[in-house]
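Below, each chain spelled out in residue letters.
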Amino acid sequence: MTTFWGPDFEELRALDPEVADGLLTELDRQRSKLQLIASENFASPAVLAAQGSVLTNKYAEGYPGRRYYGGCGEAVDPIEQLAIDRAKALFGAEHANVQPHSGASANLAAFLAVLEPGDPILAMSLPHGGHLSHGMKLNLSGRWFDVASYGVREDTHLIDMDEVRAKALAHRPKLIIAGWSAYQHHLDFAAFRAIADEVGAVLLCDASHFVGLVAGGAHPSPVPYCDIVTFTTHKALRGPRGAMILCKEEWAKEIDRAVFPGSQGGPLEHVIAAKAVALKEADTPEFRAYAQRIVDDASALADGLVERGYRVISGGTETHLLLADVTTKGATGAEAEARCDAAGIVLNKNAIPFDPLPPAKASGIRVGTPCVATQGMGTGEMATVADLIDRAITGTDDDRTAVRGEVGELVGRFPVYPRPTD
Ligand SMILES: *Cc1c(COP(=O)(O)O)cnc(C)c1O
């Protein structure tokens, strides 16, 4: 029996106290503040252990059974195959590539598989909740492709599928992207499919934000409708920082070639091991309860903010996040973010649709519940959280000091990475 050799924190502390202290500072920040950033989570100790392993030492260009390096047969191949098989089973997908280093890299590979430079694409606009890798002008996607974008309606703040269809008919995209970083509702995947078929486009869903809800049965799945589905593994899915691509069998070869050698070199096998662990965790009744708690918490938090007079964009949420206009409360998004942070509440400023303020100020905040749901907080706690957010934004410095104390008390009742004494 081999003794497992894993990360040794005491050795790091002795060798490099500056970095070790930084890690402890970050652990303390994650434990002691209220984490409401919609794209973040607390990976489990098992995920962290797999990620911090000797697999980081191994080169494995290629795919299981067909590598360009020796030494992959004993551990790397079976572990990557486990991740692939679990991804296909969990999402009912025909093919899975678990190697993308990040969400942006996964999208890049999908573009490489489907598009030539200059090709037309259609995606959600960034100021309306899209992602920068979907055609923002400074991003490779915006520089190399001819981008048209759709947004939300000014009256309902919902995506209007008639507008998506009209834009598709006018622009004739080769690729349509469904997916977002700041939107509160389910997408109509069947309607996206029908539009893609009508104009002969490939349909890509970037499910980064909501794939954890899909895994837990708390959100409809894009997989049956889309040619390709990309997603990050570190948001609501609660795995390591990284991404995956699912696709129909007809795209399997193109996608694999586009990831390696098309846009990446050696895969991060330690991260892939951690992805396998996260997929196992996601296939449990506990995870399904967690996914439902995320959605219930977000709804309760939206209700709590509406009760306190906030304009919640589109009136509510069906997912893990909400956007609230804070300008009617005497703050820009940037000011609200800073005031909340001073009170121990971590969230981010966000543009709201048709925002009159520049993105660096923004009129809104984006609030998400994956972290608090992981901690086990429920809808009862969300009423308290809405009150804490409101007092942090509208109160005085003294109020924020008081809120900081109450935040400490609340997170103390739902400890993450419990200390031996908790
Ligand atoms: C977070 C996100 C990404 C980017 O992921 P990175 O790992 O940060 O590159 C891509 N697409 C969407 C929709 C996202 O929300």
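Residues numbered from 1 in each chain as written. Predicted model: local features only at pLDDT ≥ 70, side-chain atom pairs only at ≥ 80, totals over all residues. Heavy atoms only, no water.

So, the site of the ligand
Part 1: Surrounding the ligand, one finds Ser102, Gly103, Ala104, His131, Trp180, Ser181, Asp206, Ser208, His209, Thr232, His234 and Lys235.
Part 2: Interatomic distance of 2.9 Å between a backbone N/O atom of Ala104 and an oxygen atom of the ligand.
Part 3: With respect to the ligand, the side chain of Lys235 contributes an N or O atom lying 2.7 Å from an oxygen atom.
Part 4: When isolated, the ligand has an accessible area of 380 Å², and the protein chains bury 84% of it. (Near = heavy atom within 4 Å. Polar contact = N/O pair within 3.5 Å; in protein donor to acceptor, adjacent residues only side chain to side chain. Areas by Shrake-Rupley, 256 points an atom, 1.4 Å probe, with all protein chains shown as cover.)

Things to note about the state of the cysteines
Part 1: According to the stated counting rule, one finds zero disulfides in the structure shown.
Part 2: Its sulfur unpaired, Cys205 is 4.8 Å from the next cysteine sulfur, which belongs to Cys226. (Disulfide = S-S within 2.5 Å.)

Re the sheet that holds strand S4 (residues 95–97)
Part 1: One open sheet holds the seven strands; their spatial order is S4-S10-S9-S8-S7-S5-S6, and the pairing between them is mixed. Both outer strands of the open sheet, S4 and strand S6 (146–150), are each paired with one neighbouring strand and no more. Neighbour to neighbour, the strand axes of the sheet diverge by 20° on average, direction disregarded.
Part 2: Where strand S5 (residues 120–124) and strand S7 (residues 175–179) come together, two bridges link them in parallel fashion. (Pairing = 2+ DSSP bridges. Helix = DSSP H or I, 4+ residues; strand = E, 2+ residues; numbered from the N terminus. Axes fitted to C-alpha atoms, helices over the stretch in contact; angles between N-to-C directions.)

Remarks on the side chain of His209
Part 1: By the secondary structure assignment, His209 is in the loop between strand S8 (202–206) and helix H9 (211–215).
Part 2: In this structure the side chain of His209 is engaged in a polar contact, spanning 2.9 Å, whose partner is the side chain of His320.
Part 3: A distance of 3.3 Å separates the side chain of His209 from the side chain of Arg366, its partner in a polar contact.
Part 4: Those residues in contact with His209, other than ones at most four positions away along the chain, are Ala38, Ser39, Trp180, Ser181, Lys235, Ala236, His320, Leu321 and Arg366. (Contact = heavy atoms within 4.5 Å.)

Remarks on the domain arrangement of the protein
Part 1: Split by domain assignment, the protein resolves into domain 1 (54–282) and domain 2 (285–413).
Part 2: Taken residue by residue, the interface counts 28 residues in domain 1 and 26 residues in domain 2.
Part 3: When domain 1 packs against domain 2, close to 2,200 Å² is buried across both sides, 60% of that on carbon and sulfur atoms.
Part 4: For the pair domain 1 and domain 2, the interface holds zero salt bridges.
Part 5: Summed over the shared surface of domain 1 and domain 2, the number is twelve residue pairs in polar contact (both at pLDDT 80 or more).
Part 6: Looking at the side of domain 1 that touches domain 2, the elements that each hand over two or more residues are H9 and helix H11 (269–282).
Part 7: With three residues, the top contributor of residues to the side of domain 1 that touches domain 2 is H9.
Part 8: Its residues assigned to classes, the side of domain 1 that touches domain 2 shows 13 nonpolar, eleven polar and four charged. (Domains from an automatic or database assignment. Buried area = accessible area lost by both parts, 1.4 Å probe. Salt bridge = Lys/Arg side-chain N within 4 Å of Asp/Glu carboxyl O. Nonpolar A, V, L, I, M, F, W, Y, C, P; charged D, E, K, R; others polar.)

Structural notes on the packing of helix H4 (residues 76–91) against H11
Each pair of packed helices can be described by the angle between their axes along with the distance between the axes.
Part 1: One way to put it is that H4 packs onto H11 with a least axis distance of 9 Å and a crossing angle of 35°. Like other packed secondary-structure pairs, H4 and H11 cross with a definite hand, here left-handed. Across the interface between the two elements, Val76, Ile79, Glu80, Ala83, Arg86, Ala87, Leu90 and Phe91 of H4 pack against Glu269, Ile272, Ala273, Ala276, Val277, Leu279, Lys280 and Ala282 of H11.
Part 2: Here the residues of the contact of H4 with H11 are counted per class, giving twelve nonpolar, no polar and four charged. (Left-handed = near helix turned anticlockwise from the far one by under 90°.)

Looking at unusual backbone geometry
Part 1: Cis rather than trans, the peptide bond between Phe260 and Pro261 has omega equal to 5°.
Part 2: Relative to the elements of secondary structure, Pro261 occurs in helix H10 (residues 252–263).
Part 3: With a phi close to 60°, His157 is a non-glycine residue in the positive phi region.
Part 4: Mapped onto the elements of the fold, His157 is located in the loop between S6 and helix H7 (161–171).
Part 5: When its relative accessible area of 10% is taken as the criterion, His157 is described as buried. (Buried < 20%, exposed > 50% of the residue type's maximum accessible area, 1.4 Å probe, protein only.)

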